[in-house]
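Next come the chains, spelled out residue by residue.
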Amino acid sequence: MNNERILDTLRAPHISEKSARLAEHNQYVFVVAPTATKADVRAAVEGLFDVKVEQVNLVNTKGKVKAFRQRAGSRQGKRKAYVRLADGQTIDVAAKA
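Residues numbered from 1 in each chain as written. Predicted model: local features only at pLDDT ≥ 70, side-chain atom pairs only at ≥ 80, totals over all residues. Heavy atoms only, no water.

A. Fine view of helix H3 (residues 38–49). Relative to the 16 Å expected for 12 residues at 1.5 Å per residue, H3 spans 16 Å between its end C-alpha atoms, a close match to the ideal helical length. Along H3, the residues that are buried comprise Asp40, Val41, Ala44, Val45 and Phe49. For H3, the angular spread of the buried residues around the axis is 125 degrees, confining them to a single face. Of the residues one or two after H3, Asp50 is the one with positive phi, at around 55 degrees. (Helix = DSSP H or I, 4+ residues; strand = E, 2+ residues; numbered from the N terminus. Expected span 1.5 Å × (residues − 1). Buried < 20%, exposed > 50% of the residue type's maximum accessible area, 1.4 Å probe, protein only. Arc of directions from axis to C-beta.)

B. Spatial organisation of the environment of Glu46. Looking at the element boundaries, Glu46 is found in helix H3. Separated by 32 residues in the primary sequence, Glu46 and Lys78 place their C-alpha atoms 22 Å from one another. Residues in contact with Glu46, not counting those within four places in the same chain, are Val51, Lys52 and Val53. (Contact = heavy atoms within 4.5 Å.)

C. View of the pattern of salt bridges. Enumeration over the complete set of coordinates arrives at two salt bridges. Measuring nitrogen to oxygen at the nearest pair gives 3.3 Å for the salt bridge that ties Arg5 to Asp40. One end of the pair, Arg5, is in helix H1 (residues 3–9); the other, Asp40, is in helix H3, with 35 residues separating them in the sequence. For Arg5, a relative accessible area of 43% translates into the label partly exposed. Of the residues examined, Asp40 reaches a relative accessible area of 17% and is grouped as buried. As a salt-bridge pair, Arg11 and Asp8 come within 4.0 Å of each other at their nearest N and O atoms. Residue Asp8 is classed as partly exposed on the basis of its relative accessible area, which comes to 45%. (Salt bridge = Lys/Arg side-chain N within 4 Å of Asp/Glu carboxyl O.)

D. A look at the environment of Asp50. Note that Asp50 resides in the loop between H3 and strand S3 (53–61). Separated by 20 residues in sequence, Asp50 and Phe30 have C-alpha atoms that sit 16 Å apart.

E. Representation of unusual backbone geometry within the structure. With a phi angle near 55 degrees, Asp50 is a residue other than glycine that sits in the positive phi range. Phi at Arg69 takes a positive value of approximately 55 degrees, unusual for a residue other than glycine. Turning to its location among the elements, Arg69 is positioned in the loop between strand S4 (65–68) and strand S5 (71–74).

So yeah, pure geometry; function would need other evidence.
Right under this line is the structure:
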């Protein structure tokens, strides 16, 4: 997988309290492209961080409906990937992203 495709697949690490708790158990969360598959995410993480990926789960989140100047609008949804690494391997998402 070339570098441009990797950077298109993995958009950014998803930083939240839940993702910080998951990082303690060797699981990391990334925002990925809407067209990304599990195989694409696995190859991108293994290629970018030089780690062994055990499992990938993808989640589509719907954007919130919000009022904007008395009209209903919605925020854009996103696709997140939960990536579990093999035992003994870690990623420093703050340094690479």
